[in-house]
Amino acid sequence: MKDYDIVIVGGGPAGLAAAAAAKKAGSDSILIIERDRELGGILNQCIHNGFGLHTFKEELTGPEYAQRFIDEVLTLGIDYRLDTMVMDIAPDKTVTAMNRTDGMFQIKAKAVVLCMGCRERPRGALNIPGYRPAGIFSAGTAQRLVNIEGYMPGREVVILGSGDIGLIMARRMTLEGAIVKVVAEVMPYSGGLKRNIVQCLNDFDIPLLLSHTVIDIEGKEHIKAVTIAEVGPDRKPIKGTEVRYTCDTLLLSVGLIPENELSRNAGVEMNPVTNGPIVNESLETSIPGVFACGNVLHVHDLVDFVSEEAKKAGENAAAFVLGKAQEESGQKITLHGESGVRYTVPSHIDPKRLSDNLTVRFRVGDIYKDSYVSVYYGDERVRHVKKRIIAPGEMEQVVLLKDDLLKRPELTDITLKIEEA
Amino acid sequence: MTEERNLTCINCPMGCFLTVELTDKEITKVSGNTCPRGEQYARDEVTNPVRTVTSTVKVKGGVYERVSVKTKSPVPKGKIFEVMKDINKASATAPVHIGDVLIEDCAGTGIPVVAAREIMKS
């Protein structure tokens, strides 16, 4: 296996956009490594439409959105390996991977872009009592079975969690003739997009029970029924509110976790809030030359923002290997999230290394109405933007002007806060 | 005859709770919206609700068993299940390309169903 300057780990939306951007920024030595049998990642099973409104100003299905980036990667002549699993990334950026034809091989990369995406929180992470029968799937697994393999997991469905994949699967299973009895959400609000609640649940009269969870699973070989109860503000079940639902399928849509085993092994510093790497203004991790973007960095709601972020990571990786990356100036500004702001990406910046204005992405921990997103440079409030609504399910962003930051060589801390009116 | 219908607006995370008042099937009042997009949404939803239907169709001789498909434009909401019936009867032969018409007129809507992904020959 020949060596490549840039190895991109993952051929989903992040990997494809990063690769195309790196190539356009001047790197001619790029390899995408994808473990699945085709490029495109999870978009291939997201056959519903609504992708690409920001990027292409039209509504595409997942596979159509992916194909636009696959076509670009093919046109640019970027190398890729399918059915290939990266086993290890060493701190010196030696990438160890394997597949059936090449066996185990190593690439001494000059830069690595982490684009591994995320995976679903499994049942084991939930502590639901009861048996462990067949018929319990993560929503994404059911999505793959129905949309790619052409199998229906069952006919009588209960869904736990109101994440977008769960909502999308409620509609999908209904369209294919299943009865979706109920969607239970432990939180008092749904983490899914409003559009999905209306078009996937309300359109088909599927009830959404907020502040409810599954407290028992019945069935020894195959699932037979679940018991759902209301939960109090402490998220503990309330006695007397139990209702039993017979079902042959339980789908779980209870959160996504960035898939960072490779990053951790490489020694990349992690952010405990996002479960993704800590990155600077260049989306570079604590290891110089290792970049991260997309859902492996922090879970996104919209693929358009994944593509946008990955483009930056790809450009920065190219600049790094071509020796065009701006030298560190020594000024390090740390970004903090306070009163409602759970995290920011990036975590710290060197303003002299910014190629452009800086997009800071963040999420909040609760629903805020008629509140302000405030940005403080030190103690000085420089931004105070009124928002009608800010919700945990929708990623927010603020753009900080490069010129503003360059005017403040003494600045060490930037804080983002939600301030109520 | 006066009638009232309730909807949730989908234009933004606010999810305004909209109330549409109708007299003899004519919209007389939209309330609950906090911006003009809400009123437009309510009018469209009450007079002509439409949805793009996406599903899969069987493929013969392809690298995969199913090809994802979509209605080329949104179909009336009330026709969704009839559209699904036609989609489930259809089949395609590889190679299939994005945009290939797999059903010319789905469920009498006049709207075609097209392939939404590439399937190569096996």
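Please read all numbers here as calculations on a predicted model, not as lab measurements.

Quick look at the interface of chain B and chain A now. It is common to give the size of an interface as the accessible area lost on bringing the parts into contact. On the chain A side, the residues contacting the 28 residues of chain B number 30 residues. Overall, the association of chain B and chain A removes approximately 2700 Å² of surface from exposure, summing both partners, and the carbon and sulfur fraction of that is 57%. One can count four salt bridges joining chain B with chain A. A salt bridge links A:D203 to B:R51, with the nearest nitrogen and oxygen atoms 2.5 Å apart.

A few words now on the pairing of strand β2 (residues 30-33) of chain A. All names here are of chain A. With burial as the criterion, each face of β2 is covered, one bearing I30 and I32 and the other bearing L31 and I33. Of the strand pairs in this sheet, strand β1 (residues 6-9) and β2 are connected by four bridges, and their pairing is parallel. Across the sheet, V7 pairs through a bridge with L31, a residue of β2. Bridging between β2 and strand β5 (residues 79-81) involves three bridges; their strand directions are parallel.

Before going further, it helps to spend a moment on a nonpolar patch on the surface. A cluster of nonpolar residues, A:M85, A:M87, A:M98 and A:M104, forms a patch on the protein surface that exposes about 370 Å² of accessible area. Assignment of secondary structure puts A:M87 in strand β6 (residues 85-89).

This part takes up the pairing of strand β30 (residues 413-420) of chain A. Consecutive side chains of a regular strand alternate in pointing toward one face of the sheet and then the other. Residues and elements named next belong to chain A. Two elements, strand β23 (residues 333-338) and β30, share five bridges in a ladder whose sense is parallel. Residue pairing across strands places E338 opposite K417, the latter belonging to β30. As defined by bridge partners, strand β27 (residues 368-377) adjoins β30 across seven bridges and the pair is classed as antiparallel. Note that in β30 the partner of Y372 across the bridge is E419.

Before going further, it helps to spend a moment on the sheet that holds strand β17 (residues 243-246) of chain A. All names here are of chain A. Read from one edge to the other, the open sheet built from three strands follows the order β15-β16-β17, with strand pairing classed as antiparallel. A strand with exactly one partner marks an edge of an open sheet, and here the two such strands are β15 (212-218) and β17. Averaged over neighbouring strand pairs, the angle between their axes works out to 30 degrees when direction is ignored. For strand β16 (residues 225-230) and β17, the ladder comprises four bridges, and the chain directions are antiparallel. Note that in β17 the partner of A225 across the bridge is T246.

Once that is clear, we can look at the sheet that holds strand β8 (residues 103-108) of chain A. All names here are of chain A. With antiparallel pairing, the three strands of this open sheet are ordered in space as β6-β7-β8. Edge positions in the sheet fall to β6 and β8, since each of these pairs with one other strand and no more. Mean inter-strand twist for the sheet, computed between neighbouring axes without regard to direction, equals 25 degrees. Here strand β7 (residues 94-99) pairs with β8 via six bridges, running antiparallel.

Any two packed helices are characterised by the angle at which their axes cross and by the distance between the axes. All names here are of chain A. Where helix α1 (residues 13-24) meets helix α2 (residues 62-75), the axes come as close as 9 Å, and the angle between the chain directions of the two elements is 35 degrees. Like other packed secondary-structure pairs, α1 and α2 cross with a definite hand, here left-handed. For the pair α1 and α2, contact is made by L16, A17, A19, A20 and K24 and by A66, F69, I70, E72 and V73, respectively. Here the residues of the contact of α1 with α2 sort into eight nonpolar, no polar and two charged.

Attention shifts here to helix α5 (residues 194-201) of chain A. When you tally the buried positions in α5(A), you get six out of eight residues, the bulk of the element. Of the positions making up α5(A), those classed as buried are A:N196, A:I197, A:V198, A:Q199, A:C200 and A:L201. Along its buried surface, α5(A) packs onto α4 (164-175), β13 (179-185) and β14 (208-210) of chain A together with β1 (2-8), α1 (36-47) and β4 (50-51) of chain B.

Residues and elements named next belong to chain A. Relative orientation of the contacting elements α4 and α5 amounts to 20 degrees, with a least axis distance of 8 Å. As judged from the angle between their axes, α4 and α5 are roughly parallel. Between α4 and α5 lies a crossing whose hand is left-handed. Listed contacts from α5 to D164, L167, I168, A170 and R171 of α4 are N196, I197, Q199, C200 and L201. Across the contact of α4 with α5, the residue classes tally to six nonpolar, two polar and two charged.

With 62 residues, the main nonpolar core has A:I6, A:I8 and A:V113 as its most contacted residues. If we ignore the near neighbours within four places in the chain, the residues touching A:V113 are A:I6, A:V7, A:I8, A:V9, A:A18, A:F291, A:C293, A:A313 and A:A317. With 42 residues, the next largest nonpolar core counts A:A142, B:I80, B:A94 and B:V113 among its residues.

Further remarks concern the domain arrangement of chain B. As far as domains go, chain B holds domain 1 (2-48) and domain 2 (54-115). Summarising the inter-unit geometry, the C-alpha centres of domain 1 of chain B and domain 2 of chain B are found 31 Å apart.

Residues and elements named next belong to chain A. Throughout the structure, instances matching the rule amount to 34 salt bridges over all chains. Between D5 and K110 there is a salt bridge, and its shortest N-O distance comes to 3.1 Å. Residue D5 is located in the segment before β1, and its partner K110 is located in the loop between β8 and β9 (111-114); the two are separated by 105 residues in the primary sequence. According to the relative accessible area criterion, K110 is partly exposed, its value standing at 46%. As a salt-bridge pair, E72 and K24 come within 2.4 Å of each other at their nearest N and O atoms. Here E72, found in helix α2, pairs with K24, found in helix α1; they are 48 residues apart in sequence, far enough to count as distant. E72 gets classed as partly exposed once you look at its relative accessible area, which sits at 24%. Three or more residues are tied together by salt bridges with common partners; here these are R35, R119, E259 and E261.

Right, let's get into the confidence of the model for chain B. Detailed reading of predicted coordinates is not advised where the pLDDT is low. Mean pLDDT over chain B: 91, with 99% of residues reaching 70 or higher. Reported confidences for the modelled complex are a pTM of 0.92 and an ipTM of 0.89.

Residue and element names in this part refer to chain A. Positionally, H300 belongs in the loop between β22 (290-292) and α7 (303-321). Separated by 2.7 Å, the side chain of H300 and the backbone oxygen of H298 make a polar contact. Setting aside its immediate chain neighbours within four residues, H300 contacts G294, N295, F305, V306, E309, R363 and M395.

Conventions adopted
Residues numbered from 1 in each chain as written. Chains lettered and ligands numbered in written order. Predicted model: local features only at pLDDT ≥ 70, side-chain atom pairs only at ≥ 80, totals over all residues. Heavy atoms only, no water. Contact = heavy atoms within 4.5 Å. Buried area = accessible area lost by both parts, 1.4 Å probe. Salt bridge = Lys/Arg side-chain N within 4 Å of Asp/Glu carboxyl O. Buried < 20%, exposed > 50% of the residue type's maximum accessible area, 1.4 Å probe, protein only. Helix = DSSP H or I, 4+ residues; strand = E, 2+ residues; numbered from the N terminus. Pairing = 2+ DSSP bridges. Patch = residues over 30% accessible without salt bridge, like charges linked within 9 Å, V, L, I, M, F, W, Y side chains within 5 Å. Areas by Shrake-Rupley, 256 points an atom, 1.4 Å probe, with all protein chains shown as cover. Axes fitted to C-alpha atoms, helices over the stretch in contact; angles between N-to-C directions. Left-handed = near helix turned anticlockwise from the far one by under 90°. Nonpolar A, V, L, I, M, F, W, Y, C, P; charged D, E, K, R; others polar. Parallel < 35°, antiparallel > 145°, perpendicular 65-115°, else oblique. Core = buried A, V, L, I, M, F, W, Y, C linked by side-chain atoms within 4.5 Å. Domains from an automatic or database assignment. pLDDT = per-residue confidence, 0-100. Polar contact = N/O pair within 3.5 Å; in protein donor to acceptor, adjacent residues only side chain to side chain.

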